[in-house]
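Observations on the three-dimensional arrangement
Single-letter residue listing:
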Amino acid sequence: MFNNPPSMWPSFLVGQRDKPVRTIVIDDDIHFVNVLLQELALDERIQVVGRALNFKDGKRLVRAADFDVLIVDLNLTDRSGELLLELAAAQKPGSQSIVCTASDLEDHIRRALELGASGYLLKHSWFGSYAQSILQVANGGAAITPHLVKRLLNRPEPVRQAPTSLADVPKTSASQLSARELDVLRMVANGNTSLEIASLLQISHMTVNTHIRNTYRKLQVRSRAQAVQSAMLRGLI
């Protein structure tokens, strides 16, 4: 569980008692939804502003609600939750998404991250708390069930054929990311927010975001979760 009570939450982080993180939940497992809502109701830094039990209602909710974080299951009875990840990225570009599902298939994890999810949590798997995960992604971090991270890190490197032309050479290599950009990327992978990274490296918050934007450009990605996944697959971190 998250150790700091809401009253002791650092003032520079997103999610305060007077301005909580607005969250919507889309999942057709009513028992899980009730358990989740009960947990979130205990944390004043989070406010659930909407819920839906199917894709159709979830689609309307994503379009109509003002939210900061979306929690969605991939396996909705009437359609895939992946489509809601795409819709949220298009309709609410400033929001963050967390997949909460029973599937631990690597293809599903990679696809969710590619669609911009900042978190991937397995249902009924101990990992801390849902509230903590929401606050992490709202503050620029990532939230992934720990053993899934280990699996991705331990994933064997695929066998690659030697390049036959300049077009076959990977566009990004370790030498293209500066030492500081790699430091920042490692801290992002560990779940640190931009403000925490700035404090640890003793640089400004804006400088951290500049390093992150440069990393996005070099790795050709659009989110922190995608940057971490790309770097892991390339062996950069």
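Up top you'll find the structure we're talking about.
So, here is what we can say about the structure in this document. (Residues numbered from 1 in each chain as written. Predicted model: local features only at pLDDT ≥ 70, side-chain atom pairs only at ≥ 80, totals over all residues. Heavy atoms only, no water.)

The next subject is the overall build of the protein chain. Each helix and strand counted, the protein chain has 10 helices and 6 strands in total. When each of the 237 residues of the protein chain is scored for burial, the buried share is 48%. Across the protein chain, the fraction of contacts at a sequence separation of at least 24, relative to all contacts at a separation of at least 6, is 65%. Of the roughly 12500 Å² of accessible surface on the protein chain, a fraction of 52% belongs to carbon and sulfur atoms. (Helix = DSSP H or I, 4+ residues; strand = E, 2+ residues; numbered from the N terminus. Buried < 20%, exposed > 50% of the residue type's maximum accessible area, 1.4 Å probe, protein only. Contact = heavy atoms within 4.5 Å. Areas by Shrake-Rupley, 256 points an atom, 1.4 Å probe, with all protein chains shown as cover.)

All right, on to the pairing of strand β2 (residues 46-52) then. As defined by bridge partners, strand β1 (residues 21-26) adjoins β2 across 6 bridges and the pair is classed as parallel. Bridging from a neighbouring strand, Arg22 pairs with Gln47 of β2. Taking the sense of rotation as the criterion, the β-α-β connection linking β1, helix α1 (residues 30-41) and β2 turns out right-handed. (Pairing = 2+ DSSP bridges. Right-handed = clockwise from strand over helix to strand, strands pointing away.)

This part covers the sheet that holds β1. Read across the open sheet, the 6 strands follow the order β2-β1-β3-β4-β5-β6; overall the sheet is parallel. Whereas interior strands pair on both sides, the edge strands pair on one side only; in this sheet they are β2 and β6 (143-144). Relative to strand β3 (residues 69-72), β1 runs parallel, the two sharing 4 bridges. Bridged to Ile26 within β3 is Val72. Strands β1, β3 and β4 (96-101) of the sheet are contacted by helix α3 (residues 82-91), whose axis makes an angle of about 170 degrees with β3. (Axes fitted to C-alpha atoms, helices over the stretch in contact; angles between N-to-C directions.)

Right, let's talk about the packing of aromatic side chains for a bit. Going through the model one piece at a time under the given rule, you end up with 1 aromatic pair. Where Phe32 meets Tyr130, the ring centres are 5.6 Å apart and the plane angle is 80 degrees; that geometry is what we call edge-to-face. Of the two residues, Phe32 sits in helix α1 while Tyr130 sits in helix α5 (residues 130-138), which places them 98 residues apart along the sequence. For Phe32, a relative accessible area of 4% gives the class buried. (Phe/Tyr/Trp six-rings, centres within 6.5 Å; stacked < 30°, edge-to-face > 60°.)

A word on the side chain of His211. With respect to the secondary-structure elements, His211 resides in helix α9 (residues 205-219). Apart from residues lying up to four places away in sequence, His211 is in contact with Arg180, Glu181, Val184 and Ile203.

With that settled, the discussion passes to α1. Between the first and last C-alpha of α1 there are 16 Å, a value that for 12 residues agrees with the 16 Å anticipated at 1.5 Å per step. Residues Phe32, Val33, Leu36, Leu37, Glu39 and Leu40 constitute the buried set of α1. Taken end-on, α1 shows its buried residues confined to a sector of 160 degrees, consistent with a single buried face. Set apart from the buried face of α1 by more than 90 degrees, the exposed residues are His31, Gln38 and Ala41. (Expected span 1.5 Å × (residues − 1). Arc of directions from axis to C-beta.)

To continue, consider the packing of helix α2 (residues 55-64) against α3. Between two packed helices, both the angle of their axes relative to each other and the distance between the axes serve to describe the pair. Contact pair α2 / α3: the axes reach a minimum separation of 10 Å and the direction vectors enclose 10 degrees. As far as their axial angle goes, α3 and α2 are roughly parallel. For the element pair α2 and α3, the recorded crossing hand is right-handed. Contact residues: Phe55, Gly58, Lys59, Val62 and Arg63 in α2; Leu83, Leu84, Leu87, Ala88 and Gln91 in α3. Residues belonging to the contact of α2 with α3 are distributed by class as follows: 6 nonpolar, 2 polar and 2 charged. (Parallel < 35°, antiparallel > 145°, perpendicular 65-115°, else oblique. Left-handed = near helix turned anticlockwise from the far one by under 90°. Nonpolar A, V, L, I, M, F, W, Y, C, P; charged D, E, K, R; others polar.)

What follows covers the side chain of Asn139. Locating Asn139 in the fold gives a position in the loop between α5 and β6. Residue Asn139 is classed as buried on the basis of its relative accessible area of 10%. Here the side chain of Asn139 touches Leu135 through a polar contact of 2.8 Å, landing on its backbone oxygen. Excluding anything up to four places from it in sequence, Asn139 contacts Trp9, Leu13, Val14, Thr193 and Ser194. (Polar contact = N/O pair within 3.5 Å; in protein donor to acceptor, adjacent residues only side chain to side chain.)

Residues Ile26, Leu85, Tyr120 and Leu219 are the most contacted members of the largest nonpolar core, which totals 46 residues. Ignoring anything within four residues of it in the chain, the contact list for Leu85 reads Val72, Leu74, Ser97, Val99, Ala112, Leu115 and Ala117. Formed by 21 residues, the second largest nonpolar core is a distinct cluster that contains Ile98, Leu121, Ile134 and Ala143. (Core = buried A, V, L, I, M, F, W, Y, C linked by side-chain atoms within 4.5 Å.)

Here we come to the environment of Gly58. Inspection of the secondary structure assignment puts Gly58 in helix α2. The spacing of Gly58 and Gly81 is 23 residues in sequence and 9.0 Å in space, taken between C-alpha atoms. Residues within four places of Gly58 in sequence aside, it is in contact with Ile26, Ala52 and Leu84.

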